[in-house]
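Residues per chain are reported as follows:
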Amino acid sequence: MINASSVVLHRLPQGTPIWQRELQHAIHDPQHLAQLLELPETWLQTELLTAPHFKLRVPRGYVTRMEKGNIDDPLLRQVLPLQIEQQTIAGFSHDPVGDNAAVVTQGLLHKYQGRVLLVTTGACAIHCRYCFRQHFDYGTTQALRDPQVWAYLIQNTDIEEVILSGGDPLLLTDDKLAKFAQQLAQLPHIKRLRFHTRIPLVLPERIDSHFLSWINQLRNTAPHLQLIMVIHANHANEIAGDVLHALSDLRNAGMVLLNQSVLLRSINDDVITLKQLSEKLFENHVLPYYIHLLDKVQGAAHFDVGLEQATALMLALREQLAGYLVPRLVQEQAGLPYKFPLI
Ligand SMILES: *Cc1c(COP(=O)(O)O)cnc(C)c1O
Ligand code: SF4
């Protein structure tokens, strides 16, 4: 465990929310992370990537959930840059899910019927090594107040659901999010607002009283707008400490909570780990929604789990769990009008 008193606070303006301070003090240097976790020097010398193109970023709270000295820790493996990422592997590209082709106007993706996805920011609180968006060109989009985005939402009355994604939409300020949501609630055809975010797991401090207060206000002023949050946990160890409070606060604020995972080699590609994850999620009011076969993004080939192993795993999981605890194994396939169900 990392001692909280080892966190050196730089000067930030008074009144800065705690979550922004935590973000400011996230770890960016692979060697620093390795030191904190007392990882073996000999292993680091051959495996660690000290200056990755997609930088290391990990909040300290998430690091406290890692086991010291364990190079195979399932949380560490999600964030630690390794030399192996630099191999070029055939079939692994920069835009594996065809997102660039689905861009309607900068920051707005309309791939599936009835739902649009807004890329609200390029920033995340954590950098996941397997992320398919690590090479995505975010430009300088301000999708939430882009007149072209609004024009599209207003004109296309078949859109029923708006998904805020990124990056991580919860890195935007409460003011921006609240204003957007209130405006969205004015459009009668929009029934649902969905957040795709990893923040409740990696920066639970973000779910603070300010956040909960505008959510509550939104529910009172726009009760017709249903709120959904799809979080992204890959391992039961991620769901601990302050994360439990964040999840129960979100549930109590009236959010429907779902989880999506990525199936990751040596991190969660076994039945026991997946079962524990589903159970831990449900204990904390979250239903398993999707588990994604890895998107074939360059640099992530070492996380890949083959289709055959993946389907076998899901069948084995079904033998052990109630149907509602088994996420759907899907794969994003460029050009298809839905996430392709693999089983
Ligand atoms: C995943 C995704 C959605 C949401 O799909 P659901 O099956 O409704 O969860 C919407 N738009 C884009 C571009 C997506 O990638
Ligand atoms: S939080 Fe999500 S978008 Fe951000 S790096 Fe991780 S997987 Fe990618």
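Everything below is about the structure printed above this text.
Residues numbered from 1 in each chain as written. Chains lettered and ligands numbered in written order. Predicted model: local features only at pLDDT ≥ 70, side-chain atom pairs only at ≥ 80, totals over all residues. Heavy atoms only, no water.

### Structural notes on the site of ligand 1
Next, step 1: As a structural note, the neighbourhood of ligand 1 is formed by Lys111, Tyr112, Arg115, Leu117, Ile163, Arg194, Tyr289, Tyr290, Glu332 and Lys339.
Next, step 2: Contacts to ligand 1 include arginine 194, whose side-chain N or O atom sits 2.8 Å from an oxygen atom.
Next, step 3: Here an oxygen atom of ligand 1 and a side-chain polar atom of glutamate 332 are 3.4 Å apart.
Next, step 4: In the complex, 94% of the free accessible area of ligand 1, which totals 390 Å², lies under the protein chains.
Next, step 5: According to the grid-proximity analysis, the pocket containing ligand 1 is the largest pocket.
Next, step 6: Contributions of two or more residues to the shell around ligand 1 are made by β2 (108-112), β3 (115-119) and β8 (287-292).
Next, step 7: Taken together, the residues that form the shell around ligand 1 break down as 5 nonpolar, no polar and 5 charged. (Near = heavy atom within 4 Å. Polar contact = N/O pair within 3.5 Å; in protein donor to acceptor, adjacent residues only side chain to side chain. Areas by Shrake-Rupley, 256 points an atom, 1.4 Å probe, with all protein chains shown as cover. 1 Å grid on protein atoms, 1.4 Å probe; cavity = no way out; pocket = protein on both sides within 12 Å on 5 of 7 lines; lining within 4 Å. Sits in = over half its atoms within 2 Å of the grid points. Helix = DSSP H or I, 4+ residues; strand = E, 2+ residues; numbered from the N terminus. Nonpolar A, V, L, I, M, F, W, Y, C, P; charged D, E, K, R; others polar.)

### Thoughts on the packing of helix α8 (residues 174-184) against helix α10 (residues 209-221)
Next, step 1: Interaxial distance between α8 and α10 falls to 10 Å at its minimum, and their mutual angle equals 10°. The angle between α8 and α10 places the two elements in the roughly parallel class. Residue-level contacts link Asp174, Leu177, Ala178, Ala181 and Gln182 of α8 to His210, Phe211, Trp214, Gln217, Leu218 and Thr221 of α10.
Next, step 2: Counted by class, the contact of α8 with α10 contains 6 nonpolar, 4 polar and 1 charged residues. (Axes fitted to C-alpha atoms, helices over the stretch in contact; angles between N-to-C directions. Parallel < 35°, antiparallel > 145°, perpendicular 65-115°, else oblique. Contact = heavy atoms within 4.5 Å.)

### Examining helix α7 (residues 147-155)
Next, step 1: Of all the positions in α7, only Val149, Trp150, Tyr152 and Leu153 are classed as buried. The buried residues of α7 occupy an angular sector of 160° when the element is viewed end-on, so they sit on one face. For α7, exposure combined with an orientation more than 90 degrees from the buried face picks out Pro147, Gln148 and Gln155.
Next, step 2: Residues of α7 that are buried make contact with β1 (103-105), β2, β3, β4 (161-165) and α8. (Buried < 20%, exposed > 50% of the residue type's maximum accessible area, 1.4 Å probe, protein only. Arc of directions from axis to C-beta.)

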